[in-house]
Amino acid sequence: LRGKPVLESGDRKKKAAPIRVETAQVDWRPEQGDLRAPKPVRGTRRSADGQLNLTASSLKGNLREGFVDLMAPVQVRDPKRKGWMNAKQTRWAINDQLLSSEEPFQGAFNKLAGQGRRFRIDLGSDTVFVPEDCQLRQPGEQLTARSCQWNWTSGRFEAEGDVELRREAYKQ
């Protein structure tokens, strides 16, 4: 397919806002489910809270199996909240509305910056899981933990395993 092929997916059961991905060229084999977009891709996810913008160098996946791999570099931007994430190859599990990577990433949200060895984002619950080497920084504070999770809608945050919180204010 040429022109402006579009892949769009959402999950009303999980109340996940749809993701819409566009690219200049797609090679799709419906009978096998194979999908490839060798050129850069751009995606958007609009919700009541704002818009996320996604870019990747290309994508490949299998729609019958329910996944698309976004190829590095992968970038997600949230202009409203001054949020961004830079990642390497990232898997979009379409049916489960999950984005995940087994490779290191970095990101920020307002004044909170973080990084880890891998991540999983549940688009239905607006939750980011960092299952390994969670490192967060904000002015005057830094936290490290084996793992952490953060819900960006509620602001709820949990850290587990060798948790260390340092604060400049009281030299704690």
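That block above? That's the structure.
In this text the structure is predicted, and so the values were computed from the model without any measurement.

Student: Can you break down unusual backbone geometry residue by residue, with the values?
Tutor: Here the amide bond leading from Ala72 into Pro73 is cis, since omega sits at -5°, within 30 degrees of zero. Relative to the helices and strands, Pro73 resides in the loop between β8 (67–71) and β9 (74–78). Despite not being glycine, Asp126 shows a phi value in the positive range, around 55°. Inspection of the secondary structure puts Asp126 in the loop between β15 (119–122) and β16 (127–130). Note on Asp126: relative accessible area 15%, which makes it buried.

Student: Quick rundown of the environment of Asp69? Include the residues and the values.
Tutor: Within the secondary structure, Asp69 sits in strand β8. Residue contacts for Asp69: discarding those within four places in its chain leaves Ser58, Leu59, Lys60, Gly61, Gln89, Thr90 and Arg91. A polar atom in the side chain of Asp69 sits 2.7 Å from the side chain of Arg91.

Student: Can you break down the state of the cysteines residue by residue, with the values?
Tutor: Each disulfide consists of a covalent bond between the sulfur atoms of two cysteine residues. Using the criterion set out here, one finds one disulfide in the structure. Disulfide pairing is shown between Cys134 and Cys148; the S-S distance is 1.9 Å. Between Cys134 and Cys148 the sulfur-sulfur dihedral comes to about 75°; the bridge is accordingly right-handed. Separated by 14 residues along the polypeptide, Cys134 in strand β17 (residues 134–138) and Cys148 in strand β19 (residues 147–151) bring together distant segments of the chain. The buried category is assigned to Cys134, whose relative accessible area is 1%.

Student: Explain the nonpolar core to me, using residue names and the numbers behind them.
Tutor: In terms of nonpolar packing, the biggest core is built from 32 residues, with Val41, Leu59, Val68, Leu70, Met85, Trp92 and Ile121 touching the most fellow members. Discounting residues that sit within four places of it in the chain, Met85 has contacts with Val74, Gln75, Val76, Arg77, Phe105, Gln106, Gly107, Phe119 and Ile121.

Student: Go over the pattern of salt bridges with me, naming the residues and quoting the values.
Tutor: Under the definition given, this model contains 12 salt bridges. We note a salt bridge from Asp126 to Arg45, for which the minimum N-O separation is 3.8 Å. In this pair, Asp126 sits in the loop between β15 and β16 while Arg45 sits in strand β5 (residues 41–47), placing the two residues 81 residues apart along the sequence. The salt bridge involving Glu132 is made with Arg118; its shortest N-O contact spans 3.0 Å. In this pair, Glu132 is assigned in the loop between β16 and β17 and Arg118 in the loop between β14 (112–116) and β15, connecting sequence segments 14 residues apart. A residue is classified by how much of its surface remains accessible, and Arg118, at 26% relative accessible area, is partly exposed. One network of salt bridges, in which partners are shared, links Glu102, Arg117, Arg118, Glu132 and Asp133.

Conventions used here
- Residues numbered from 1 in each chain as written.
- Predicted model: local features only at pLDDT ≥ 70, side-chain atom pairs only at ≥ 80, totals over all residues.
- Heavy atoms only, no water.
- Helix = DSSP H or I, 4+ residues; strand = E, 2+ residues; numbered from the N terminus.
- Buried < 20%, exposed > 50% of the residue type's maximum accessible area, 1.4 Å probe, protein only.
- Contact = heavy atoms within 4.5 Å.
- Polar contact = N/O pair within 3.5 Å; in protein donor to acceptor, adjacent residues only side chain to side chain.
- Disulfide = S-S within 2.5 Å.
- Core = buried A, V, L, I, M, F, W, Y, C linked by side-chain atoms within 4.5 Å.
- Salt bridge = Lys/Arg side-chain N within 4 Å of Asp/Glu carboxyl O.

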